[in-house]
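Spelled out, the chains give:
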Amino acid sequence: MPLNEELLSSDILSYLQTHENKGLLRVLTCGSVDDGKSTLIGRLLYDSKLIYEDQLVDLQKYNDFQGVQSAEFDYSRLVDGLESEREQGITIDVAYRYFSTNKRKFIVADTPGHEQYTRNMVTGASTSDVAILLVDARHGVKVQTRRHSYVLSMLGVKHVVLAVNKMDVVDFSQKKFNEIEENFREFSTDLGFETIHCIPISALHGDNIISRSERMKWYNGPNLLRHIEGISVVPSNEKENFRFPVQWVNRPHQNFRGYSGTIVAGQIKQGDKITVMPSGKTSVIKDIVTIDGQLNRAQKHQSVTLTIEDDIDISRGDLICSSENVAQYSDQFQAKIIWMSTQKLFPGRSYLLKINNTTTSVSITNLKHKININDFSHASANVLELNEIGICNLSLAQQVAFDPFDICKSTGSFILIDRQTNDTVGAGMLNFSLRRAANLTWQNLAVGKLERAEQKHQKPVVLWFTGLSGAGKSTIASLVEKKLFDLGRHTYTLDGDNVRHGLNKDLGFTDADRIENIRRIGEAAKLMVDAGLMVLVSFISPFKAERQMARRLMEEGEFLEIYVNTPLSVVEKRDVKGLYAKARKGEIKNFTGIDSEYQVPENAEIIVETTTQTAKQAAEKIVKYLEKNGYLNT
Amino acid sequence: MTDISTLIEQAESFADRHGLAITTISRKLLKDGKGITRLKNGGQCTVKTLTAALKVLEELEHQFAMKNGKATEKHGQIVDIQAQELTHLERLEAESIYIFREVVSECKNPVLLYSAGKDSAVMLHLALKAFFPSKLPFPLLHVDTGWKFKEMIKYRDQQINKMGLKLIVHQNPEGVKQGINPFIHGSAQHTDIMKTQALKQALSKYGFDAAFGGARRDEEKSRAKERVFSFRTVNHHWNPKAQRPELWSIYNTRVSKGESMRVFPLSNWTELDIWQYIYKNNIEIPNLYFAAKRRIVEREGVSIMVDDERLVLEKGEAIQEKMVRFRTLGCYPLTGAVESNAQTLPDIIQEMLLSKTSERHDRVIDRDNGASMEVKKSEGYF
């Protein structure tokens, strides 16, 4: 009996004592829609007495309403949630359920089995210690089962229970069960599971769920509940290294400075030697502070506040490690990324990355390949789409401390956030540092940007002209350059068409290539700014994100966005190069304004309207802006 | 294959020598308790599996040899025992503390929604733990409908004074002006104006970008799918289809201007967890949770307590003195009492577990339709 009812009614105090000392286990259930997953969870809740009477009444009412004539409850109805899903009759999100036995409290992450919902399963798996993988006894191991197993393996779930459901439908056949077990063990050998346990069940009729099935005497193992009650999830390898990401600096007054956070691996005692990464500074643990008094030791999962002996600079995002084995640090990584957004991942685009309480800018410098989770094969790719998994190189804007995910899940995992929408668009696991960061240091030259600019008596700046093809960007830019030249300034123009003949001649016009195009131009412009030049860049640059990326490459005040606003109807009528006509006929693909988007700038420093201004007037306006804002009076 | 028989032979010999069951060895070698028996009965396995199993066996032999040698050496010495597993309450507590700290680290202007009920009491207890020895770095907000039990207000003020906290009390001024009365306007309108609208007003008025709420996922089916960090549009609406995935314990707290978050540090707690935690930590809760003789009127199958003169008796109604308590607390006209003799926390827990009537059953507002909570939430109800 999961909850000891006898003890509950006769001796509540010892009952409470027992339940106070329970452990916690996080379990993931996965399987396809028809494998009976919701029925299994409903059954576990029901059998562990966690379905309340009024919920049962609701259920009965529903059955009556639907005209369902059944002696048995439809347990699955106990666990479905959001209205639209209920109408569809399927679970389409991650839902969390709770039940308890005398030994453990269980948090069950319930995730769907559809192909398009990989992201939900990844979410559920990220916090789970054990996975219950359901298969239908009639169908055995399917593509779906392989896919789920792969995701589990990738997310580092080490313990798998293969629940072979609907045994009643196959006459409780041992042969059938053995075949499935054999099959599953065979294909999962390389997936790194520490334990695999196979149990024949019938969720609908309750066989081998909380008690031994009378109809499958040939099965001698534990029932499902007994198995997950007893399974040990303590890592089997040697002692974990202490890891403590600093979450909040606790500074109530001058005389107290503590570091609050949660221990994500290992344990710590007073007097232990610690090293703070990435700074590498060392000290010794003075106190472990909690409201209930000081502790002499603390372990994984505990949230505490640490004070240290030495006065060293530690802030949120630093990783406190045991000095015996410190974490690595880098700003260049290889990582596995699961993409969770309908907006594709483009290499070169800038995102935010959050790891170990640090949020920093990141760009995917190289998408090496994607992984097909049905057969684990590799395929080359230019972009990652929703639910796709890729191996990527990452470049971060700052050094962060980390451990490879295989060694420590908590300190090797991260999420990616879209800068515009703030959505969580991806999740990832760090494989290793590319080490480039350590070998490649920026050459600190005696002559710097400032010296070069002073020599030329000017303030370096990028004038970034954006607008539709034929809007007049190049015309205006060349007039501006002429004026600056006449004023004795040192300038250079990077023109879209011209650069495509040389530096970027390997790039086409797909979205991915356009992003790379802009990235290279941004970097080239940055070098020129560093050389002290005033750089005029004339590019369609249709995407907000890439213009922002270019802006971020420069220092504050070094980037001026100039929006050359000419409506599509006007440029199409002008059609100086005859390109719009071709695009309309479909002879040119991915043409901005026709079948490729142009995102209008929202924060351009200068806007010129070519329908009301001549090119000359526009150029004058720009030069006037430069004068007014101090770019010309050095 | 001869190699399979070698493995069986060696495994059996190992089991024999060390007094272990063959299933135990089998589990270690093949990750399957029945593996060896299956092979013995003519089962097959790949060369890879076999090689791996033989290697594990070799390691086991080595380990056992070492252990036996060392056991005598180490005799009498205190060995550093592996840390004991944390209890479920300790794990839940640590997780909630982490959530509190994350919000304070990343949000500009958080607030704790305080209702003077048992979940609020636990939430406040955890918040104080999270920041000790610092003071609570955010204020409390109580949305007062004007119809709360008098005793709740008394309890609230006592707690706030005792702990030296900052409390903001907000009432919907328009609702007060209109004289909203649950007896006259009904529970739905009262809740909407005095609770949902009032909450939105207060959050906008003070510009809070994150509000801690005490909701738990076990309370109701649609809550089971809500995130810990739940986003609200500028108009405080919730879109269940556009929730951010929450991986590991890395929370994305970024919002655009005007948007806000509801954060639920008790998401993973159950009702039993809450009661156990209150019991274990001696957390003070309002006396209304404990059984006492109270003045009660039976109305439409619900026992309403006569908390003040605004409850006007209808024809055929009479005030009775009954031994009752409340499983949840809210507005007194909308909260049903249950007959009970439970006067201590263990009594309450015992009664709760034996009765098995879901917690919100006694709240009148939740009983409209199957997923009513979801409708209310997408409109901005907490």
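Worth saying up front: this structure is predicted, and the values here are computed from it rather than measured.

All right, on to the overall build of chain B then. On a plain count of helices and strands, chain B comes out with 12 helices and 10 strands. In chain B, which comprises 382 residues, the proportion classed as buried is 55%. Taking all contacts inside chain B whose residues are at least 6 apart in sequence as the whole, residues at least 24 apart take part in 72%. Of the roughly 17,100 Å² of accessible surface on chain B, 51% is carried by carbon and sulfur atoms.

Membership of the largest hydrophobic core comes to 74 residues, with the highest contact counts inside it found for Phe100(B), Leu112(B), Val122(B), Phe138(B), Phe229(B), Trp269(B) and Trp275(B). If sequence neighbours within four positions are ignored, Phe100(B) has contacts with Leu112(B), Met123(B), Leu126(B), Ala127(B), Ala130(B), Phe131(B), Phe138(B), Phe212(B) and Pro265(B). Membership of the second largest hydrophobic core comes to 52 residues, among which are Cys30(A), Tyr98(A), Met154(A) and Met340(A).

Read from one edge of the open sheet, 6 strands run β2-β3-β1-β4-β5-β6 (chain A), paired in mixed fashion. At either end of the open sheet lies a strand with only one pairing partner, and these are β2 (95–100) and β6 (195–200) of chain A. Strand-to-strand twist of the sheet, defined as the mean angle between neighbouring strand axes without regard to direction, takes the value 25°. Relative to strand β3 (residues 104–110) of chain A, strand β1 (residues 23–30) of chain A runs parallel, the two being bridged by 7 bridges. The partner of Leu24(A) across the bridge, within β3(A), is Lys105(A). Each of β1 and β3 of chain A touches helix α5 (residues 88–106) of chain B; the most contacted strand, β1(A), lies at about 75° to it.

This part is about helix α8 (residues 174–187) of chain A. A turn of α-helix holds 3.6 residues, and therefore any two residues three or four places apart point the same way. Relative to the 20 Å expected for 14 residues at 1.5 Å per residue, α8(A) spans 20 Å between its end C-alpha atoms, a close match to the ideal helical length. Residues of α8(A) that are buried include every one of Phe177(A), Ile180(A), Glu181(A), Phe184(A), Arg185(A) and Phe187(A), and no others. Contacts made by the buried residues of α8(A) are with β4 (130–136), α7 (143–154), β5 (159–165) and β6 of chain A together with α2 (22–30) and α3 (35–40) of chain B. Two or three places before Lys175(A), at the opening of α8(A), Ser173(A) has a side-chain oxygen 3.4 Å from that residue's backbone nitrogen.

All names here are of chain A. Axis separation between helix α12 (residues 473–486) and helix α18 (residues 615–628) bottoms out at 9 Å; the angle between their running directions is 50°. As far as their axial angle goes, α18 and α12 are oblique. In the packing of α12 onto α18, the handedness of the crossing is right-handed. Where α12 approaches α18, its residues Thr475, Ile476, Leu479, Val480, Lys483 and Leu484 are matched on the opposing element by Ala615, Lys616, Ala618, Ala619, Glu620, Ile622, Val623 and Leu626. Across the contact of α12 with α18, the residue classes break down as 10 nonpolar, 1 polar and 3 charged.

What follows is about the packing of α5(B) against helix α10 (residues 271–281) of chain B. Residues and elements named next belong to chain B. Where α5 meets α10, the closest approach of the two axes is 11 Å, and the angle between their N-to-C directions is 95°. Considering the angle they form, α5 stands roughly perpendicular to α10. Residues His88, Leu89, Leu92 and Glu93 of α5 lie in contact with α10, whose contacting residues are Asp273, Gln276, Tyr277 and Lys280. Of the residues in the contact of α5 with α10, the class split is 3 nonpolar, 2 polar and 3 charged.

Moving on, we get to unusual backbone geometry. Residue Met277(A) is joined to Pro278(A) through a cis peptide bond whose omega torsion reads 5°. For Pro278(A), the location among the structural elements is in the loop between β10 (273–277) and β11 (281–289). Of the consecutive residues Phe132(B) and Pro133(B), the connecting peptide bond is found in the cis state with omega at 0°. Within the secondary structure, Pro133(B) is located in the loop between α6 (118–131) and β2 (140–143). At His236(B), a position not held by glycine, the phi torsion is positive, near 65°.

Residue and element names in this part refer to chain A. The strand order across the open sheet built from 5 strands is β23-β24-β22-β25-β26, with neighbouring strands paired in parallel fashion. Among the strands making up the open sheet, the edge pair consists of β23 (491–495) and β26 (606–609). On average, each strand axis in the sheet is tilted by 20° relative to the strand beside it, whichever way the strands run. Bridge count for β23 against strand β24 (residues 534–538) is 5 bridges, and the pairing is parallel. Following the sheet pairing, Thr491 is matched in β24 by Met534.

Residue and element names in this part refer to chain A. Mapping Thr612 onto the fold places it in the loop between β26 and α18. Assessed through its relative accessible area of 63%, Thr612 is described here as exposed. When the C-alpha positions of Thr612 and Thr566 are compared, they lie 9.7 Å apart, and in sequence the two are 46 residues distant.

The full count for this structure, using the stated rule, is 28 aromatic pairs over all chains. Seen from their ring centres, Tyr150(A) and Phe376(A) are 4.8 Å apart, and the 25° between their planes marks the pair as stacked. In this pair, Tyr150(A) sits in helix α7 while Phe376(A) sits in the loop between β17 (358–371) and β18 (378–379), placing the two residues 226 residues apart along the sequence. On the accessibility criterion, Tyr150(A) (10% relative accessible area) is buried. With 5.8 Å between their ring centres and 80° between their planes, Trp147(B) and Phe183(B) make a pair best called edge-to-face.

Turning next to the pairing of strand β1 (residues 110–113) of chain B. All names here are of chain B. By the alternation rule, side chains of β1 split into Pro110 and Leu112 and Val111 and Leu113, which are all buried. Strand direction decides the pairing type here: β1 and strand β4 (residues 210–212), joined by 3 bridges, are parallel. Looking across to β4, one finds that Pro110 is bridged to Ala210. Here 2 bridges tie β1 to β2, and the two strands are oriented parallel to one another. Paired with Leu113 across the bridge in β2 is Leu141. Once the chain exits β1 it traverses α6 before rejoining the sheet at β2, and the crossover so formed is right-handed.

Chain A puts 96 residues into the contact, and the matching count from chain B is 78 residues. Roughly 7,800 Å² of surface becomes buried between chain A and chain B when both sides are summed, with 53% attributable to carbon and sulfur atoms. Applying the counting criterion to the chain A and chain B interface returns 9 salt bridges. When the shortest N-O distance is used, the salt bridge between Arg316(A) and Glu102(B) registers 2.9 Å. At the boundary of chain A and chain B, one finds 31 residue pairs in polar contact (both at pLDDT 80 or more). Top element by residues in the side of chain A that touches chain B is helix α2 (residues 12–20) of chain A. It accounts for 6 residues.

Another aspect to go through is the domain arrangement of chain A. Reports of interface size often rely on the accessible area that becomes lost once the parts have come together. Residue and element names in this part refer to chain A. Each assigned domain of chain A is listed here: domain 1 (5–230), domain 2 (243–322), domain 3 (328–438) and domain 4 (449–628). Placing a centre on the C-alpha atoms of domain 3 and another on those of domain 4 gives a separation of 31 Å. Each partner contributes residues to the interface: domain 3 has 10 residues there, and domain 4 has 11 residues. Taken together, both faces of the contact between domain 3 and domain 4 bury some 770 Å²; the carbon and sulfur share is 58%. Taken as a group, Phe346, Arg349 and Gln420 account for 55% of the area that domain 3 buries against domain 4, more than any other trio of residues on that side. In this assembly, domain 3 and domain 4 are joined by 1 salt bridge. The partner of Glu546 in a salt bridge is Arg349, with the nearest N and O atoms 2.9 Å apart. At the junction of domain 3 with domain 4, the criterion picks out 2 residue pairs in polar contact (both at pLDDT 80 or more). Residues belonging to the side of domain 3 that touches domain 4 are distributed by class as follows: 3 nonpolar, 5 polar and 2 charged.

Thresholds applied
Residues numbered from 1 in each chain as written. Chains lettered and ligands numbered in written order. Predicted model: local features only at pLDDT ≥ 70, side-chain atom pairs only at ≥ 80, totals over all residues. Heavy atoms only, no water. Helix = DSSP H or I, 4+ residues; strand = E, 2+ residues; numbered from the N terminus. Buried < 20%, exposed > 50% of the residue type's maximum accessible area, 1.4 Å probe, protein only. Contact = heavy atoms within 4.5 Å. Areas by Shrake-Rupley, 256 points an atom, 1.4 Å probe, with all protein chains shown as cover. Core = buried A, V, L, I, M, F, W, Y, C linked by side-chain atoms within 4.5 Å. Pairing = 2+ DSSP bridges. Axes fitted to C-alpha atoms, helices over the stretch in contact; angles between N-to-C directions. Expected span 1.5 Å × (residues − 1). Polar contact = N/O pair within 3.5 Å; in protein donor to acceptor, adjacent residues only side chain to side chain. Parallel < 35°, antiparallel > 145°, perpendicular 65-115°, else oblique. Left-handed = near helix turned anticlockwise from the far one by under 90°. Nonpolar A, V, L, I, M, F, W, Y, C, P; charged D, E, K, R; others polar. Phe/Tyr/Trp six-rings, centres within 6.5 Å; stacked < 30°, edge-to-face > 60°. Right-handed = clockwise from strand over helix to strand, strands pointing away. Buried area = accessible area lost by both parts, 1.4 Å probe. Salt bridge = Lys/Arg side-chain N within 4 Å of Asp/Glu carboxyl O. Domains from an automatic or database assignment.

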